[in-house]
Amino acid sequence: MQLIPCPWCGPREEAEFHYGGQAHVAYPEDPSALTDEEWAQYVFFRENPSGPFAERWSHSAGCRRWFNAVRDTRSHDLLAVYRAGEPMPEVLS
Amino acid sequence: MTVSPLAAWRGRLAALAPALAVAERPFRSQLTVRASEPSAIAAMGSALGVVFPSVPCTFTAGSGQFGDVEVLWLGPDEFLVVAAPDLQVSIEEVLRGALGSSRGSVVDTSAQRTTVILEGPHVRDVLAHGCSVDLHPSAAPAGTCVQTLLARTGIILQVTGPDRCTVLVRSSFAEYLAAWLSDACVEYQAAAP
Ligand SMILES: [Zn+2]
């Protein structure tokens, strides 16, 4: 089973984690000003890259913290993990 | 009379010796503390006579007005305070006083988990049958405290000595864990003289 390195607890089995989708999707500054189409873009539309992808993960069976990870969608390799609030590190694809 | 979660398992767990000595320590006082301000954490520690752990995945122990107290690291701003039974109300009061106006919370979670003490030369081998955390003494020395899965059940595992561990398990999962432990011990019982 794949090990995911929690930024707090270190490497743990994937079964301890919960997937949270794309990271760094900012909440609209003025939601009421959005058109239906813009709101749908915010709620439903996500990147689907072939390669490095910044995602949210939660260490749900461990420290229960959310953090971010850059995962290569082609190889499932985790290229970097970083704590919530930290900027996305530069990764080589 | 209150019946502990593993009362019905006392005989079957005792029969696992000498491969593994298993004993339940039910009803311990447990308080979940959320706080991140260093001054508040220090004040709560000195009120209990124990320094709160600052290193992830560790626990600390000390002694004060409530006797022996352990503080377990659960997250960067989350701790579990564990003490002898029937102290939770007074500990909660003291911790809330020490927290003062700092942002945080103190919640009595004593009923959530029961405690199982495991001791014996095979304790790390038995746990390794269902736990993916590296339990080698070099990776998990005494003082280690991890939240993880044991046989798919969420546990808090404290390493308290070379051959000694403490497992905190949710009360409703305790009997399942006891059954799993009994099964995982079979091969070591056969090998015991
Ligand atoms: Zn973690």
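Definitions and cut-offs
Residues numbered from 1 in each chain as written. Chains lettered and ligands numbered in written order. Predicted model: local features only at pLDDT ≥ 70, side-chain atom pairs only at ≥ 80, totals over all residues. Heavy atoms only, no water. Helix = DSSP H or I, 4+ residues; strand = E, 2+ residues; numbered from the N terminus. Rg over C-alpha atoms; globule rule 2.2 N^0.38 Å. Buried < 20%, exposed > 50% of the residue type's maximum accessible area, 1.4 Å probe, protein only. Contact = heavy atoms within 4.5 Å. Areas by Shrake-Rupley, 256 points an atom, 1.4 Å probe, with all protein chains shown as cover. Buried area = accessible area lost by both parts, 1.4 Å probe. Salt bridge = Lys/Arg side-chain N within 4 Å of Asp/Glu carboxyl O. Phe/Tyr/Trp six-rings, centres within 6.5 Å; stacked < 30°, edge-to-face > 60°. Donors = N, O, S within 2.8 Å, 3.2 Å for Na, K, Ca; no water. Tetrahedral: all angles 85-135°; square planar, octahedral: opposite > 155°, others 65-115°. Axes fitted to C-alpha atoms, helices over the stretch in contact; angles between N-to-C directions. Left-handed = near helix turned anticlockwise from the far one by under 90°. Nonpolar A, V, L, I, M, F, W, Y, C, P; charged D, E, K, R; others polar.

Caption draft 1: Highlighting the overall build of chain B. Looking only at helices and strands, chain B features six helices and 10 strands. Over its C-alpha atoms chain B spans a radius of gyration of 17 Å, differing by no more than 12% from the 16 Å that the globule rule assigns to 193 residues. The dimensions of chain B, computed from C-alpha atoms along their principal axes, are 55 × 45 × 25 Å. Burial status across chain B gives 48% buried among its 193 residues. Within chain B, contacts between residues at least 6 apart in sequence are counted, and of these 61% link residues at least 24 apart. On chain B, roughly 8700 Å² of surface is accessible, and the fraction owed to carbon and sulfur atoms is 56%.

Caption draft 2: Expanded view of the interface of chain A and chain B. Counting residues at the interface gives 11 residues for chain A, matched by 15 residues for chain B. Summing both sides of the interface, chain A and chain B together bury roughly 1000 Å²; the carbon and sulfur share of this comes to 52%. Together, A:Trp8, A:Arg12 and A:Arg65 form the three largest contributors to the area buried by chain A at its contact with chain B, with a combined 47%. Taken together, chain A and chain B are joined by three salt bridges.

Caption draft 3: Representation of the packing of aromatic side chains within the structure. Residue and element names in this part refer to chain A. In the structure shown here, the tally under the stated rule is six aromatic pairs over all chains. Their ring planes at 70 degrees and their centres at 5.1 Å tell us that Tyr-19 and Trp-57 sit as a pair that is edge-to-face. Highlighted residues: Tyr-19 in strand S3 (residues 18-22) and Trp-57 in strand S4 (residues 52-58), separated in sequence by 38 residues. Assessed through its relative accessible area of 6%, Trp-57 is described here as buried.

Caption draft 4: The pattern of salt bridges, seen in detail. In total, this model carries 10 salt bridges over all chains according to the counting rule given. When the shortest N-O distance is used, the salt bridge between B:Arg34 and B:Glu78 registers 3.9 Å. Placement of B:Arg34 in strand S2 (residues 29-35) and of B:Glu78 in strand S5 (residues 78-83) is noted, with a sequence separation of 44 residues between them. Residue classification places B:Arg34 among the partly exposed residues on the basis of a relative accessible area of 31%. Note on B:Glu78: relative accessible area 4%, which makes it buried. One connected set of salt bridges, linked through shared partners, spans A:Arg64, A:Arg65, B:Arg34, B:Asp77 and B:Glu78.

Caption draft 5: Highlighting the coordination of the zinc ion. All names here are of chain A. Protein ligation of the zinc ion involves Cys-6 (SG), Cys-9 (SG), His-59 (ND1) and Cys-63 (SG), the donor distances falling in the range 2.0 to 2.4 Å. For the zinc ion, the four donor atoms in the first shell make angles of 103 to 119 degrees at the metal, a pattern classed as tetrahedral. Sequence spacing of the donor residues for the zinc ion, all on one chain, is C-x2-C-x49-H-x3-C. The buried category is assigned to Cys-6, whose relative accessible area is 4%.

Caption draft 6: Highlighting the packing of helix H2 (residues 38-48) of chain B against helix H3 (residues 88-99) of chain B. Residue and element names in this part refer to chain B. At a closest axis distance of 8 Å, the pairing of H2 and H3 adopts a crossing angle of 145 degrees. Note on packing geometry: the crossing formed by H2 with H3 is right-handed. Counted together, Ala-40, Ala-43, Met-44, Ala-47 and Leu-48 of H2 and Ile-91, Val-94, Leu-95, Ala-98 and Leu-99 of H3 form the full contact between these two elements. Residues of the contact of H2 with H3, tallied by class, amount to 10 nonpolar, no polar and no charged.

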